[in-house]
Amino acid sequence: MREALRLLETEGWAKVAVHKGATVAPLSADEAREIYEIRSALESLAIGLAIPRHTPATLRECAALCEAAEREPDPSLYVARNAAFHMSLYAPAARPQLEDLIRVLHRRGERYLRLKFGLPSYKGESDNEHTELLDAVRRGDVPAAQALRRRASAWHGRAAAPFSDRTRASGSRAREPTQAARPPPPPAPSPGVD
């Protein structure tokens, strides 16, 4: 039992206090932002190291995992498919310590990811983000892939933050975040000569 509680605490699901027992860990806007800020830095590093080492076989695996996540309607299974897709992008970097840190942060952020499934537009936005990221990796475009990871992580941190504290305070379900919490639209293409 103690080991199970330690694991839940490590993954952010529980808080254990000596001589007081365990409680469900409260959701925190600050924690959500911090998790996604750290993920942004580590995943940007990982994808930058991995892109030059991708092969046609690793890219096929990434594409298959991206498609599996896109087809997955069950939020619980989507969480696992989402993590598998992201980790497949970083695997060619062959940095096991970096991968372990990213996995821990995926698990720590899972509570906030599950909250976002209450947002009507979340699944489609996530699928589009995955497609854009995979396209950048296929092109070998390290700066674009890193920028996409930073943008997505910043949005995820902001999207989870507004309703994590509000949900705890009000006891209500998460609501759609304000327009300010959404990612900015992509820049309009610059006019060019056809």
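The structure we're discussing is the one just above.
Notes on the structure in this doc start here. (Residues numbered from 1 in each chain as written. Predicted model: local features only at pLDDT ≥ 70, side-chain atom pairs only at ≥ 80, totals over all residues. Heavy atoms only, no water.)

### Overview of the pattern of salt bridges
How we decide: A pairing counts as a salt bridge when a side-chain nitrogen of Lys or Arg comes within 4 Å of a carboxyl oxygen of Asp or Glu. Remark: exposure states derive from per-residue accessible area (1.4 Å probe, protein chains only) relative to the maximum for the residue type, with buried under 20%, exposed over 50%, and partly exposed in between. The helix and strand labels rest on DSSP assignments: H or I over at least four residues marks a helix, E over at least two residues marks a strand, and numbering proceeds from the N terminus.
According to the stated counting rule, one finds 12 salt bridges in the structure shown. For the salt bridge of E72 with R81, the shortest nitrogen-to-oxygen distance reads 2.8 Å. For E72, a relative accessible area of 10% puts it in the buried group. Given the relative accessible area of 34%, R81 is considered partly exposed. With its nearest N and O atoms 3.4 Å apart, the salt bridge here joins E99 to R103. Taken together, the residues E99 and R103, both in helix α5 (residues 96-116) and 4 residues apart, mark about one turn of the helix. Relative accessible area serves as the criterion here: at 13%, E99 is assigned to the buried category. One salt-bridge network, held together by shared partners, links R39, E43, E129 and R149.

### Brief notes about the nonpolar core
Which entries qualify depends on this criterion: Buried Ala, Val, Leu, Ile, Met, Phe, Trp, Tyr and Cys residues that are joined via side-chain atoms within 4.5 Å together make up what is termed a nonpolar core. Here, residues are in contact when the closest pair of their heavy atoms is within 4.5 Å.
I47 and L89 are the most contacted members of the largest nonpolar core, which totals 33 residues. Breaking this core down by element, the ones donating at least two residues are α2 (29-50), α3 (56-71), α4 (75-90), α5, α6 (122-139) and α7 (142-170). In contact with I47, not counting residues within four places along its chain, are L89, Y90, L133, V137, A145 and Q146.

### Quick look at the environment of E99
Separated by 12 residues in the primary sequence, E99 and M87 have C-alpha atoms spaced 7.4 Å apart. Contact partners of E99, with chain neighbours within four places excluded, come to M87, Y90, A91 and A94.

### Re α3
Put simply, the test is: Take the number of residues in a helix, subtract one, and multiply by 1.5 Å to get its expected span.
With 16 residues, α3 extends 23 Å between its outermost C-alpha atoms, agreeing within 8% with the 22 Å of an ideal straight helix rising 1.5 Å per residue. Regarding α3, the residues found buried are L59, C62, A63, C66, A68 and A69.

### Looking at the packing of α2 against α4
Helix packing geometry: the angle between the two helix axes and the distance between the axes. Basically, it comes down to this: Orientation is described by lines fitted to C-alpha atoms, with helices fitted over the stretch in contact, and by angles between N-to-C directions that extend from 0 to 180 degrees. Should an angle fall under 35 degrees it is called roughly parallel, over 145 degrees roughly antiparallel, and 65 to 115 degrees roughly perpendicular, with every other angle called oblique. Side-chain classes follow a simple rule in which Ala, Val, Leu, Ile, Met, Phe, Trp, Tyr, Cys and Pro form the nonpolar group, Asp, Glu, Lys and Arg form the charged group, and the remainder, Gly included, forms the polar group.
Viewed as axis vectors pointing N to C, α2 and α4 meet at an angle of 50°, and their least axial separation amounts to 7 Å. As far as their axial angle goes, α4 and α2 are oblique. For the pair α2 and α4, contact is made by E43, A46, I47 and A50 and by H86, L89 and Y90, respectively. A per-class count over the contact of α2 with α4 returns 5 nonpolar, 1 polar and 1 charged.

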